[in-house]
Amino acid sequence: MTQIVENIESKINVSTIRSKFPVLDQKVNGKKLIYFDNAATTQKPEVVINALSDYYRQYNANIHRGLHTLAERATAAYEDTRKTVQQFINASEAEEVIFTSGTTESINLVANAYGRKFLHPGDEVIISGLEHHSNIVPWQLICQEKSALLKVIPIDAKGDIDLEAFKKIITDKTKIVAVNHISNSLGTINPVREIVQIAHDSGAIVLLDGAQATAHVDIDVQELDCDFYAFSAHKLYGPTGVGVLYGKRKLLESMNPFQSGGEMIKEVTFEKTTFNDIPYKFEAGTPNIADVIAFNEALKFVIGLGNKEDVLSYEQTLLNEATERLKEIPGLTIIGEADQKIAVISFIIEGLHHFDIGMMLDAKGIAVRTGHHCTQPLMNRFGIDGTVRVSFSIYNTLEEVSIFADSLKQIVEKWR
Ligand code: PMP
């Protein structure tokens, strides 16, 4: 299976896409790099790298407060990214888009600024057994502080959320439901529209952790009707250190600030402070200007890929081929086989530790992730301490999948 065949079958032109990512064109340990760690972070197209450099070379200035030309240019570029994000997730207004340092900070913002104000003793927060630690620990901490109860929706053997169990554990005391849109460890695409509906019917608000979703599926926050949506730029071909929190205006306005200082204020006296309007109320201090500006180029790159269904369908071809090839390897078990999943495969191999597999693949130039993937409770659910995880992106090819599967087979034959 060559890249040419892929190009004919798919609307995605992989060769052209790959040529935009300089990092992919290199040898690692003497072999052509195969980068299968996209769920941890994606690589960056040249336009993103150039945007960072252009900002520092041409118009580095602090934003919002300056009247000079460079400050105005930087402010306009920063605010332009906000508009692109609004369009990308179909938020009804740009003010509902808050820049943070990443998904983790976005969730902490909601847990602290919403949870601290609106949770009371005896209230409940519901998460799922699929969550990343970033969507567990902030809720644990705020529940402890507010004497609220943290409940967990169980996961079935295939790696799906048990919706019936969710309907049973949600009560009129449930104030917040926080689940991921797509699981980072298993790739499960969760029925988030239904989860939002069930939660709203019960009077709870919903935060969706979209860290793994934005690069693979269409995000329409109005259609989803979620109250908050959190994601990171670095998993979406953008720079590290930038994230987004989308929130419905009414909720954002009702919340207390998360962090305080410059920019988030309207007026300060020693007696009292009044707060800025959203989104600035939640963007205290000098933000990550350069990376927010460069993130715009990443978003434009993704929008330029065209229909997300074509992206998903191309990645599903990689997923299906890899799944089939891995199942031929004796002693290999795939963890998480939900019907709806993105191109992420977690697996274990009898008699071989996941760390050793990861190191042996690295020796062959193949980058995969090993360990618990910041989902220790999920690993416990499956009675394991970790997996090998391969996660594909739009620039990966069937040829790479084939080299990976052959390499893994050789490792198993040699070492097991
Ligand atoms: N949630 C999920 C589902 C994730 O995959 C990740 C990153 N692995 C996070 C949250 C945290 O994202 P970040 O480290 O970018 O804040």
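No experiment lies behind these values; they were computed from the predicted model shown.

S.K.: Just to check I follow, could you spell out the sheet that holds strand S14 (residues 344-349) for this structure?
M.R.: Spatially, S13-S14-S17-S16 is the arrangement adopted by the four strands of the open sheet, whose pairing is antiparallel. Of all the strands in the sheet, the pair left with one neighbour each is strand S13 (332-335) and strand S16 (369-371). For this sheet, the mean inter-axis angle between neighbouring strands, taken without regard to orientation, is 30°. Where S13 lies against S14, four bridges are found, and the strand directions are antiparallel. Within S14, the residue paired with threonine 333 across the bridge is isoleucine 348.

S.K.: For this particular structure, what's the right way to read the environment of proline 45?
M.R.: In this structure, proline 45 sits in the loop between strand S3 (34-35) and helix H3 (46-58). C-alpha of proline 45 to C-alpha of phenylalanine 301: the two residues are 256 residues apart in sequence and 8.0 Å apart in space. With near-sequence residues (within four places) excluded, proline 45 lies in contact with Lys20, Phe21, Tyr237 and Phe301.

S.K.: Help me out: how do you make sense of the pattern of salt bridges in this one?
M.R.: Pairing is possible between side chains of opposite charge, provided their charged atoms come close. A full pass over the atoms with the stated rule returns 20 salt bridges. Lysine 151 serves as the salt-bridge partner of glutamate 124, at 3.2 Å between the closest nitrogen and oxygen. Taken together, the residues glutamate 124 in strand S5 (residues 124-128) and lysine 151 in strand S6 (residues 149-153) connect sequence positions 27 residues apart. There is no split in this pair, since glutamate 124 and lysine 151 are both buried.

S.K.: Looking at this structure, I do not really get the packing of aromatic side chains. What am I missing?
M.R.: The way to describe two aromatic rings as a pair is by their centre distance and the angle between their planes. Scanning the entire structure with this criterion turns up 14 aromatic pairs. Ring geometry for phenylalanine 21 against phenylalanine 301: centres 5.4 Å apart, planes inclined by 75°, an arrangement best described as edge-to-face. Residue phenylalanine 21 is found in the loop between helix H2 (14-19) and strand S1 (27-28), and its partner phenylalanine 301 is found in helix H11 (residues 289-304); the two are separated by 280 residues along the sequence. Here phenylalanine 21 and phenylalanine 301 have matching classes, each one buried. With a centroid separation of 4.6 Å and 80° between ring planes, the pair formed by phenylalanine 36 and phenylalanine 392 is classed as edge-to-face. Taken as a pair, phenylalanine 36 in the loop between S3 and H3 and phenylalanine 392 in the loop between strand S17 (387-391) and helix H15 (398-415) lie far apart in primary sequence, 356 residues in all. Of the two residues, phenylalanine 36 and phenylalanine 392, neither departs from the other in class, the shared state being buried. One aromatic cluster in this structure is built from Phe21, Tyr237, Phe301 and Tyr395.

Definitions and limits used
- Position numbers for residues count from 1 along each chain, tracking the sequence in the order it is written.
- Two thresholds apply to this predicted model, a pLDDT of at least 70 for residue-level local features and 80 or more for giving and counting side-chain atom pairs, whereas whole-chain, interface and lining totals are computed over all residues.
- Heavy atoms throughout the structure, all of them, feed into the side-chain values; hydrogens and water do not.
- Strands are labelled as partners when DSSP assigns at least two bridges between them.
- Numbering of helices and strands starts at the N terminus; helices are DSSP runs of H or I of at least 4 residues and strands are runs of E of at least 2.
- Only C-alpha atoms enter the line fits that serve as axes; for helices the fit covers just the stretch in contact. Angles between N-to-C directions range over 0 to 180 degrees.
- Two residues form a contact once any of their heavy atoms are found within 4.5 Å.
- The salt bridge definition used is simple: a Lys or Arg side-chain nitrogen within 4 Å of an Asp or Glu carboxyl oxygen.
- When accessible area is computed with a 1.4 Å probe and restricted to protein chains, residues below 20% of their type maximum are described as buried, those above 50% as exposed, and intermediate ones as partly exposed.
- Only centres within 6.5 Å qualify two rings of Phe, Tyr or Trp (six-membered ring in Trp) as a pair; their planes then separate them into stacked at under 30 degrees, edge-to-face at over 60, and tilted for everything else.

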